[in-house]
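Here is how the chains run, residue by residue.
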Amino acid sequence: MKPIRIGILTVVSTAAFTGCLFREDRAAIGIREGVLHMGNGAEPQALDPHLVSGFTEHKILTSLFEGLATLDGTTLEPKPAAAESWTVSDDGKVYRFTIRENAKWSNGDPVTAHDYVYAWQRNLSPGLGSEYAYMLHCIWNAKVFNEGRLTDFGQVGARALDERTLEVTLENPTPYFPAMQIHFSFFPVHRANIERFGRIDERGTKWTQAGNMVSNGPFLLTKWWPNRIITVAKNPYYWDANAVRLKEINFYPIDNLQTEELTFRAGGLHVTDAVRKSRLPKFRATMPQYLRMHPFLGSYFYRFNCARAPFTDVRVRRAFAMSIDRELITKNLLHGAYEPTACFTPPNTAGYTCTASIPYDVAAAKRLLAEAGFPDGRGLPPVELLFNTSEEHKLIAEAVQQMWKKNLNASVTLVNQDWKVYLDALTNMDYYVARSSWIGDYYDPNSFLDCFLTGGGNNRTGFSDARYDELIGRAAKTPEQGERYRLFQEAERILLDQAPIAPIYLYRRVYLRVPELKGWDENLLGYVIYKNVYFETCGAK
């Protein structure tokens, strides 16, 4: 029997297998044994759910931890998870979650309401410096505690009424609060596990290492070899362990798309993180059964450091933003994989579509630059464009570099950094212009627009506008959707007028996946419920 290689598949040419696929590679063994191999894009910044900020980490953390609620993979409606049920008061401000009686940590300890209170106190502790602490500011007094203006956490609206009952009091009605529980900033942590290795607000301790971490999700951490592999294995203590069909998941930090594609084609991966857009015509023609493309609630944009000249001047920021030809980037460089955008929030996000924009207008950009004191770019200091390691980011950065030179006579140097160093540079605002993206944490425009509140952990631009802050604050207190969206419209108009960012395109999830992998939901949030994922082996119905 002579095997015939087709892509990553090996077909045995014999009727004895009735068209089944015979494989001897890692992916084939994984299908047979229930071990998933997937590309993760980059080495994670950390595996502490209160100290990370990216989708790179989110993909791993959702296998290890579980919030009070999860989402339906298709409708994105909230469903019970660690909490078996919840109620909400008539005024929409008080939630009571009932923790499952059989919810357990990976060491066998029961998961209790106290664990969530402790975790949220930790995330909000000023000393921890969590960039995502603001996600919890919808909880009563959480913001003032996080800012250090309140020291008694007992006055914050999160308390355990007993071992299984968690009461949460909010500042304002927040109907999407249960849906927010899929975000890692709300995940519980095991108090004894944290304090075995340090203080409640101590960063970078050893509790997240394999062999040390205690978690409550469907999988537990068994291996972390930096820049090589992260392995999670089925958690026998997980409350719904019988539903978990995978034995193990291996996450590979492969930030080179060509390497990732070759690994997939050689049978080393079941799912890639992304694909080279230049390869899309080839994939569509020869590998359509593996190519996956679906909408994704995210925006790709550039940040300007508003505290560093010349971008302290709004006219310079707008000039640079208005000189980016988004159509050329998305059509020619990215082969139509993404949609160009002139605003920040993706259109029709829970019914909201931004009406403001930053147009592509080179003539207007040149006038603005001249008004700022740099006619034809004369006197404009050299600037740097920072991006994290990725051939796609590099391709876009090179194109924008040329556009800014041609349109504004700007001298731009490209700076490439690996994921962790890049994130540190953003956090410390050690950049001029930086490649960025934002993926919605929940299906609401607030998930995008509250990023740029003054001092927000994910602002990272130095942008501050009192009116903008006021509008986002008022929207949080406004129950009527029409008025709430009107406030968002005004806020986003301010954001785009002040231009701490330059929108470029709207995301789609574009990646490769073997057909045998089932239960892998394709939704706007890119939210995968790993306990539902399994392999359909040859001949299965």
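In this text the structure is predicted, and so the values were computed from the model without any measurement.

Trainee: Any chance you could explain the overall build of the protein chain here in plain terms?
Mentor: The secondary structure content of the protein chain amounts to 16 helices and 20 strands. For 541 residues, the compact-globule estimate of 2.2 N^0.38 gives 24 Å, and the protein chain sits close to it at 24 Å. Projecting the C-alpha coordinates of the protein chain onto the three principal axes gives extents of approximately 75 × 65 × 45 Å. For the protein chain, the proportion of its 541 residues judged to be buried stands at 57%.

Trainee: Explanation requested: the pairing of strand S16 (residues 412-417) in the structure shown.
Mentor: Two faces make up the sheet, and in a regular strand the side chains alternate between them. By the bridge criterion, 6 bridges tie strand S15 (residues 383-388) to S16 in an arrangement that is parallel. Residue pairing for S16: Leu 385 is matched across the bridge by Leu 414. This β-α-β element, S15 to helix H12 (residues 391-408) to S16, shows right-handed connectivity.

Trainee: What is the right way to read the packing of aromatic side chains from this model?
Mentor: Both the distance between ring centres and the angle between the ring planes are used here to describe each pair of aromatic rings. According to the stated counting rule, one finds 39 aromatic pairs in the structure shown. Both rings, one in Phe 296 and one in Tyr 507, keep their centres 6.2 Å apart while their planes meet at 70°; by these two values the pair is edge-to-face. Of this pair, Phe 296 sits in strand S13 (residues 291-304) while Tyr 507 is found in strand S18 (residues 501-512), placing the two residues 211 residues apart along the sequence. We note that Phe 296, like Tyr 507, is buried.

Trainee: In this structure, what is going on with the side chain of Glu 392? I would like to understand it.
Mentor: Position of Glu 392 relative to the elements: it lies in helix H12. Among the polar contacts listed, one links the side chain of Glu 392 to the side chain of Lys 277, at a separation of 2.6 Å. Once residues lying within four places of it in the same chain are set aside, the contact partners of Glu 392 are Leu 257, Val 275, Lys 277, Leu 334, Tyr 338 and Tyr 505.

Trainee: How do you make sense of H12 when you look at a structure like this?
Mentor: Because each turn of an α-helix spans 3.6 residues, side chains separated by three or four positions end up pointing in the same direction. Here H12 spans 25 Å end to end across 18 residues, near enough to the 26 Å set by a 1.5 Å rise per residue. Among the residues of H12, those classed as buried are Glu 392, His 393, Ile 396, Ala 397, Ala 399, Val 400, Met 403, Trp 404, Asn 407 and Leu 408. Taken down its axis, H12 places every buried residue within 165° of arc, on the same side. In H12, the exposed positions that point more than 90 degrees away from the buried face belong to Gln 402 and Lys 406. Regarding H12, its N-cap is Ser 390, as a side-chain oxygen of that residue lies 3.2 Å from the backbone nitrogen of Glu 392 further along. Immediately beyond the C-terminal end of H12, within one or two residues, lies Asn 409, with a positive phi of roughly 60°.

Trainee: Is there a simple way to think about the confidence of the model for the protein chain in this case?
Mentor: Low-pLDDT portions of the prediction should not be read for the details of their coordinates. With 95% of its residues at a pLDDT of 70 or more, the protein chain shows a mean pLDDT of 94. Low confidence marks residues 1-21, where pLDDT is under 50. Its contacts with residues over four positions away, or in another chain, come to 36 contacts.

Trainee: Which parts of the structure should I look at to understand the state of the cysteines?
Mentor: What makes a disulfide is a covalent bond joining the sulfur atoms belonging to two cysteines. Across all of its chains, the model carries 0 disulfides by this definition. Among the cysteines around Cys 138, which has no disulfide bond, Cys 451 carries the closest sulfur, lying 14 Å off. Of the cysteine sulfurs around Cys 451, a residue in no disulfide, the closest is that of Cys 343, at 14 Å.

Trainee: When you look at the pairing of strand S11 (residues 229-234) in this model, what are you seeing that I'm missing?
Mentor: With 5 of 6 residues buried, S11 lies mostly within the body of the structure. In this structure, strand S10 (residues 219-225) lies alongside S11, joined through 6 bridges in antiparallel fashion. Considered in S11, the bridge of Trp 225 is made with Ile 229. Between S10 and S11, which pair antiparallel and follow one another directly, the connecting turn spans 3 residues, one of which, Asn 227, has a positive phi of 65°. In this structure, S11 lies alongside strand S12 (residues 248-252), joined through 4 bridges in antiparallel fashion. Bridged to Thr 231 within S12 is Asn 250.

Trainee: What is the right way to read the packing of helix H9 (residues 314-321) against helix H11 (residues 362-371) from this model?
Mentor: Any two packed helices are characterised by the angle at which their axes cross and by the distance between the axes. It is at 8 Å that the axes of H9 and H11 come closest, and there the two elements cross at 155°. The angle between H9 and H11 places the two elements in the roughly antiparallel class. Between H9 and H11 lies a crossing of left-handed hand. Every residue of H11 that contacts H9 at Arg 315, Val 316, Arg 318, Ala 319 and Phe 320 is listed here: Ala 365, Leu 368, Leu 369 and Glu 371. Residues belonging to the contact of H9 with H11 are distributed by class as follows: 6 nonpolar, no polar and 3 charged.

Trainee: Is there a simple way to think about the sheet that holds strand S8 (residues 158-162) in this case?
Mentor: Each strand in a sheet pairs with its neighbour through backbone hydrogen bonds, running either in the same direction (parallel) or in the opposite one (antiparallel). The strand order across the open sheet formed by 4 strands is S6-S7-S9-S8, and the pairing between neighbours is antiparallel. Edge positions in the sheet fall to strand S6 (83-88) and S8, since each of these pairs with one other strand and no more. Adjacent strand axes in the sheet meet at a mean angle of 25° when their direction is disregarded.

Calculation rules
Residues numbered from 1 in each chain as written. Predicted model: local features only at pLDDT ≥ 70, side-chain atom pairs only at ≥ 80, totals over all residues. Heavy atoms only, no water. Helix = DSSP H or I, 4+ residues; strand = E, 2+ residues; numbered from the N terminus. Rg over C-alpha atoms; globule rule 2.2 N^0.38 Å. Buried < 20%, exposed > 50% of the residue type's maximum accessible area, 1.4 Å probe, protein only. Pairing = 2+ DSSP bridges. Right-handed = clockwise from strand over helix to strand, strands pointing away. Phe/Tyr/Trp six-rings, centres within 6.5 Å; stacked < 30°, edge-to-face > 60°. Polar contact = N/O pair within 3.5 Å; in protein donor to acceptor, adjacent residues only side chain to side chain. Contact = heavy atoms within 4.5 Å. Expected span 1.5 Å × (residues − 1). Arc of directions from axis to C-beta. pLDDT = per-residue confidence, 0-100. Disulfide = S-S within 2.5 Å. Axes fitted to C-alpha atoms, helices over the stretch in contact; angles between N-to-C directions. Parallel < 35°, antiparallel > 145°, perpendicular 65-115°, else oblique. Left-handed = near helix turned anticlockwise from the far one by under 90°. Nonpolar A, V, L, I, M, F, W, Y, C, P; charged D, E, K, R; others polar.

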